[in-house]
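# Coordinate inspection notes
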Amino acid sequence: MPISRIAVGSYEEAYHPDALRAGLAEFISTLIFVFAGQGSGMAFSKLTDGGATTPAGLVVAAIAHAFGLFVAVSVGANISGGHVNPAVTFGAFLGGNISFFRGIVYWIAQLLGSTVACLLLKFSTGGLETSAFALSADLGVWNAFVLEIVMTFGLVYTVYATAIDPKKGSLGTIAPIAIGFIVGANILAGGPFDGASMNPAVSFGPALVSWNWANHWIYWAGPLVGGGIAGLLYELVYINRSHEQLPVTDY
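Residues numbered from 1 in each chain as written. Predicted model: local features only at pLDDT ≥ 70, side-chain atom pairs only at ≥ 80, totals over all residues. Heavy atoms only, no water.

## Section: the packing of helix α1 (residues 17–47) against helix α2 (residues 55–76)
Relative orientation of the contacting elements α1 and α2 amounts to 165 degrees, with a least axis distance of 8 Å. As summarised for this structure, α1 and α2 are arranged roughly antiparallel, according to the angle between their axes. For the crossing formed where α1 meets α2, the hand is right-handed. Of the residues in α2, those touching α1 at S29, I32, F33, A36, G37, Q38, S40 and F44 are A56, G57, V60, A61, A64, H65, G68, L69, A72, V75 and G76. Considering only residue class, the contact of α1 with α2 consists of 11 nonpolar, eight polar and no charged. (Axes fitted to C-alpha atoms, helices over the stretch in contact; angles between N-to-C directions. Helix = DSSP H or I, 4+ residues; strand = E, 2+ residues; numbered from the N terminus. Parallel < 35°, antiparallel > 145°, perpendicular 65-115°, else oblique. Left-handed = near helix turned anticlockwise from the far one by under 90°. Contact = heavy atoms within 4.5 Å. Nonpolar A, V, L, I, M, F, W, Y, C, P; charged D, E, K, R; others polar.)

## Considering unusual backbone geometry
In this structure, V84 is a non-glycine residue whose phi angle is positive, near 60 degrees. Judged by its relative accessible area of 0%, V84 is buried. With a phi angle near 65 degrees, M198 is a residue other than glycine that sits in the positive phi range. (Buried < 20%, exposed > 50% of the residue type's maximum accessible area, 1.4 Å probe, protein only.)

## Comments concerning empty space enclosed by the protein
Any space left empty among the atoms is revealed by the rolling of a water-sized probe across them. Evaluation of the coordinates by the stated rule reveals two cavities of 30 Å³ or more. In terms of lining residues, the largest cavity is bounded by 20 residues, among which L69, N85, L155, V183 and N199 are the most central. Listing elements by their share of the lining of the largest cavity, those giving two or more residues are α2, α5 (141–164) and α6 (175–194). Its volume calculated, the second largest cavity comes out at about 30 Å³. Here the lining of the second largest cavity is composed, by residue class, of six nonpolar, three polar and no charged. (1 Å grid on protein atoms, 1.4 Å probe; cavity = no way out; pocket = protein on both sides within 12 Å on 5 of 7 lines; lining within 4 Å. Points joined across faces, edges and corners; volume = space filled by probe spheres on them.)

## Description of a nonpolar patch on the surface
Side chains of L24, I28, I32, F70, V71, V75, L171, I174, I177 and F181 sit close together on the surface and give an oily, nonpolar patch of about 810 Å² of accessible area. If you list the elements that add at least two residues to the nonpolar patch, you get α1, α2 and α6. Among the secondary structure elements, F181 is positioned in helix α6. (Patch = residues over 30% accessible without salt bridge, like charges linked within 9 Å, V, L, I, M, F, W, Y side chains within 5 Å. Areas by Shrake-Rupley, 256 points an atom, 1.4 Å probe, with all protein chains shown as cover. Salt bridge = Lys/Arg side-chain N within 4 Å of Asp/Glu carboxyl O.)

## Observations concerning the layout of surface pockets
In this model, the largest pocket occupies a volume close to 1000 Å³. Considering the residues around the largest pocket, the lining is formed by 38 residues, among which G41, T53, A61, S131 and G195 are closest to the centre. Among the elements that make up the lining of the largest pocket, the one with the highest residue count is α1 (10 residues). Class assignment for the residues of the lining of the largest pocket results in 18 nonpolar, 16 polar and four charged.

## Considerations on the nonpolar core
If you look at the biggest cluster of nonpolar residues, it comprises 41 residues, and the most contacted ones within it are L69, I187 and M198. Elements represented by at least two residues in this core include exactly α1, α2, α3 (86–94), α4 (100–124), α5, α6, α7 (200–210) and α8 (218–238). The element that contributes the greatest number of residues to this core is α5, accounting for seven residues. Those residues in contact with I187 that sit more than four places away from it in its chain are L58, A61, A62, H65, P192, A196 and M198. (Core = buried A, V, L, I, M, F, W, Y, C linked by side-chain atoms within 4.5 Å.)

## Remarks on the packing of aromatic side chains
Within the structure shown, the criterion is met by 14 aromatic pairs. Ring geometry for F145 against W217: centres 5.8 Å apart, planes inclined by 40 degrees, an arrangement best described as tilted. Residue F145 is located in helix α5, and its partner W217 is located in the loop between α7 and α8; the two are separated by 72 residues in the primary sequence. Overall, the relative accessible area of 38% leaves W217 in the partly exposed class. Grouped by ring-pair contacts, the aromatic residues F153, Y157, Y160, Y234 and Y238 constitute a single cluster. (Phe/Tyr/Trp six-rings, centres within 6.5 Å; stacked < 30°, edge-to-face > 60°.)

Printed below as a string of structure tokens:
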């Protein structure tokens, strides 16, 4: 069972040089991703004078997030594993692929990266608002909760299949683009309903900078549940850990 391999680790990991370097990589990768994704939405809003979201705007958001995540995962992969998402880190933790204390370092770095990206966007655009994620008028909170679970399940399942699975072979070379593509596809599917976060850090930065916490719990609970289920399922069904656990830098 994956649950038997969960490692708490030692608190010394929180300030070990390797963990700090990995945390810095997560900070930079998340900053790159959020700056590109959130910035694309702000740019489109400016071009349309704050008009309603259109199909073209949805496609722009999907492409920007897909490309941004592809780059963010690629530049962090050899240092931290390129999680760029607390839900991915949580799924890896439940599968026994990262310790609790190292995961906390990642979470802090990801949240800081998102926040700094939004602050930089607000400053560099002359004070434009970094819009927090919100539900469409006809969508209930539990509908959005399930939607985030399903979308994040698909994302973390993709991470496991292309990046974490020790049997991935040459498939690992396309992991960043596969991860970017699933996020872009999910934005096309769920964007008009709840913004398609799939990432608590991506939701946290805009909410903090704009100080808008409406229904914010959905963007934490849904991704963490979906990511956790994906991690446990993939580890239990597809990965046979009869050998030594993968080092964190291997995925």
